[in-house]
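Structure assessment
One-letter residues, chain by chain:
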Amino acid sequence: MKNDLKDLSNPEKCHGAVSIANQDIGSLKPMLKSMLLIRKAEQHLALGRKNGLIGGPVHLGVGQEAIAVGISQNLKSTDYIFGAHRSHSHLLALNPDFYRLFAEVLGKETGFSKGMGGSMHLYDQQNGFYGSVPIVAGTVALALGAAIAAKLQETDHIGLAYIGDGAVEEGVVHESFNLAKIQDAPMLFVIENNLFASHMNISLRQPSDMISRFAVANDIPYKLVDGNDVVAIAKASKELIDDIRSGKGPALIELVTYRWYGHVDWRDDVDVGVERSLDDIENWRKRDPIKRLSKAMIDAEMWSQNQEVDLNNELEESMKSAWDKAMSDPYPSSDATLKYVYAESKNDS
Amino acid sequence: MTVKKHNYGTAILAAFEYLLEKYPEVFVIGQGLWSPWYVGNSMTDLDKKFGIKRIIDTPVSESACTGAAVGASLAGMKPIVVHPRMDFMLYAIDPIVNQAAKWSHMFGGQAHPGATIRCIINRGGEQGAQHSQALHAWFAHVPGLRVVMPSTVSDARDLLIASVLCKDPVMYIDDRWLYEQEDDLSPVVELDLLSQRPMITQDGSDITIVSSGHTSLLAREAAKQLDSKNISAEVIDIRILNPLDADVIINSVKKTRRFLVIDSGWLSGGFSAEIIAKVLEKLPVDSLLIPPVRMALPDAPAPTSRVLEKDYYISTNDIVKRATDLF
Ligand SMILES: Cc1ncc(C[n+]2csc(CCOP(=O)(O)OP(=O)(O)O)c2C)c(N)n1
Ligand SMILES: [Mg+2]
């Protein structure tokens, strides 16, 4: 494999504080808080799964929080955002309602998908989240279709799909790149390149570790960014999204990152990961998107260790009570299985 | 207590080992093969024993991998393409349905893509709509595609070997809910897939229960419980869904005059209807004492929430109850 990502994929690089030049606390703190919230929520899910309280699989994105948070700074609730199997962060970055996420993952009626989807099928249209599903690449063309609709309707809304480095291996993604370009669709392809698809390192799956090469092939403008630098992600995606909204057609942003847990659930999966090592995980933990931002803010004296402790405690407390509430919420009623199959049916009362 | 040497999963593994050892033209391609936690114990260490040239782990590209298996079979190989979940295989419908299944016929019988498509029904565990489907009825609808569903430990091994040795494209469907079953295995005898047909796994006289794959396991368990209620059930495991030879079932129904069909797919347009139609069209109208009964999944995608999931799937008790109600 060609290592075109260079330092970006080298776990020993990019450990330092991120650059916050020209940024103020007003824009940085919400991003820090959002990342912390996502991390803590996912750590709750990891624990719930480990303790057997969660019955279904959870695909955690701990370590990758900067991507959804950075991108979402530039999204509107009128956009069309689609996710995949690892989408807790995609949704929480748009709507921090972790209580409804917990309820959904526990299969409760009060969840984001009314308890019908669990962790892998999330929905929150009011905030622009049009669905996440676990068939890899299953939503990419759908997001493109929403983008085409937005264009036909003469709005400035955009379609957006979160796409893993593994998802890029599905043919439909390439059909979508081509179709998006030829249609000048207002579409942002967000590539979350965490260098793995389940157990397999990208070096065993693709001839180059850089997904942006497909943007080049389709004449789509792109940016390749450190996926653990939330400030850089917010900035780069703003430029692309502004262009998309102003009618310049699709764009792609590739964010290089790493997941700290294994493919599914709470283990590190060093044993099942082909070319995944504890050393790598340790080094990637040093590229922690949260610590790198918080350090920059503390160094600039706009944030303090104490404030961070307070924020942590505050989140921890509200999460505990959200979890308890979700645990005691009702399951869907037994008619739910048949009730939602069609929009309506003749014998609905 | 005798020690059972095999379970359903290791029986599949034994088939892979047999084929890879004996036939150099066999190779395996699919996702997860170098770390096969996806597929239970059915493919453990094949990469180490037979090398990564013949045990090919792949990018997330079901369509290309399946098409490649079909193409390799045209060039003299005996490929097995593995889909850890049937749901993922839906990206590969074209090479299966439009290409492999049609190839022999379109070219006047001059070429036969003998690829084996192994896919797994893998459901439960609150995984929901896209990780649970049992779509055997769809595929059994397609002429040119042989569809095999082993339900016993010995069939798990022997029908995989027969599928791979068959000249035609074969879809071999196993079910993760069968993997715990244990049994002894006798030495391999290569079976001719074309002479395999539905099999009576328990003789009986009061009711015929027909099923495939996981529901055959449930049916066998239910039959034991029915025995203790003095209901003698004849249990038939379909095994080969396409082409379907219904003679065994017809003869059984003639005898028992009660007919219960159980299927792990959805009810409407499902395989249970095909079984009943194939049997009843060959019998006089007054053959049955009561109308035939179907048990299958409700016509809805699989829910995730545990309470709904529990109701959604068929249990042994459901079968016992339904069968008892017919008397
Ligand atoms: C069509 C399909 N094929 C295979 C799978 C199994 N699977 C689930 S996630 C995954 C890896 C996806 O990798 P990537 O897109 O990089 O996302 P990541 O898990 O790294 O977030 C695979 C192979 C699936 N769910 N759907
Ligand atoms: Mg990945």
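To start, this report covers the structure provided alongside it. For clarity, every value in this text was computed on a predicted model and none was experimentally measured.

Conventions and cut-offs
- Residues numbered from 1 in each chain as written.
- Chains lettered and ligands numbered in written order.
- Predicted model: local features only at pLDDT ≥ 70, side-chain atom pairs only at ≥ 80, totals over all residues.
- Heavy atoms only, no water.
- Helix = DSSP H or I, 4+ residues; strand = E, 2+ residues; numbered from the N terminus.
- Rg over C-alpha atoms; globule rule 2.2 N^0.38 Å.
- Buried < 20%, exposed > 50% of the residue type's maximum accessible area, 1.4 Å probe, protein only.
- Contact = heavy atoms within 4.5 Å.
- Areas by Shrake-Rupley, 256 points an atom, 1.4 Å probe, with all protein chains shown as cover.
- Lys, Arg positive; Asp, Glu negative; His and termini not counted.
- Charge placed at Lys NZ, Arg CZ, Asp CG, Glu CD.
- Core = buried A, V, L, I, M, F, W, Y, C linked by side-chain atoms within 4.5 Å.
- Near = heavy atom within 4 Å.
- Polar contact = N/O pair within 3.5 Å; in protein donor to acceptor, adjacent residues only side chain to side chain.
- Pairing = 2+ DSSP bridges.
- Right-handed = clockwise from strand over helix to strand, strands pointing away.

Moving on, we come to the overall build of chain B. Looking only at helices and strands, chain B has 11 helices and 14 strands in total. At 19 Å, chain B has a C-alpha radius of gyration in line with the 20 Å of a compact globule built from 327 residues. Dimensions of chain B, computed from the C-alpha atoms along their principal axes, are close to 60 × 45 × 40 Å. Put simply, chain B has 327 residues, and 60% of those count as buried. Sequence separation of at least 24 residues holds for 81% of the intrachain contacts in chain B that already meet a minimum separation of 6. With an accessible surface of roughly 12,900 Å², chain B has 55% of that area assigned to carbon and sulfur atoms. Once the 32 positive and 38 negative side-chain charges of chain B are each reduced to a mean point, those two points are 2 Å apart.

Moving on: the nonpolar core. If you look at soluble globular proteins, the nonpolar side chains tend to sit buried side by side. Ranked by size, the top nonpolar core spans 67 residues in total, and within it Ile71, Phe102, Leu188, Val190, Ile253 and Leu293 of chain A carry the most contacts. The biggest single contributor to this core is helix 1 (residues 25–50) of chain A, with 10 residues. Among all residues touching Val190 of chain A, those that are not within four sequence positions of it are Ile67, Ile71, Leu160, Ala161, Tyr162, Ile163, Ile253 and Leu255 of chain A. Among the nonpolar cores identified, the runner-up in size contains 43 residues, and Met86, Ile173, Ile249 and Val253 of chain B belong to it.

In the neighbourhood of ligand 1, 22 residues make up the surrounding shell, with His85, Arg86, Pro134 and Gly166 of chain A together with Glu62 of chain B lying closest. Chains contributing residues near ligand 1 are chains A and B. Gly166 of chain A is positioned with one of its backbone polar atoms (N or O) 2.7 Å from an oxygen atom of ligand 1. One of the side-chain N or O atoms of Asn194 of chain A is found 2.8 Å from an oxygen atom in ligand 1. The protein chains hide 96% of the 580 Å² of surface that ligand 1 would expose on its own.

Turning our attention to the pairing of strand 3 (residues 159–164) of chain A. Walk down a regular strand and you will see the side chains alternate between the two sheet faces. Residue and element names in this part refer to chain A. Burial runs high along strand 3: 5 of the 6 residues are buried. Summarising the sheet, strand 1 (residues 80–83) and strand 3 pair through 3 bridges and their orientation is parallel. Counted as the bridge partner of Phe82 is Ala161 from strand 3. You can see the chain leave strand 3, run along helix 6 (residues 171–182) and come back into strand 4 (residues 187–193), and the turn it takes is right-handed.

Note that all results are geometric; they support no functional claim without further evidence.
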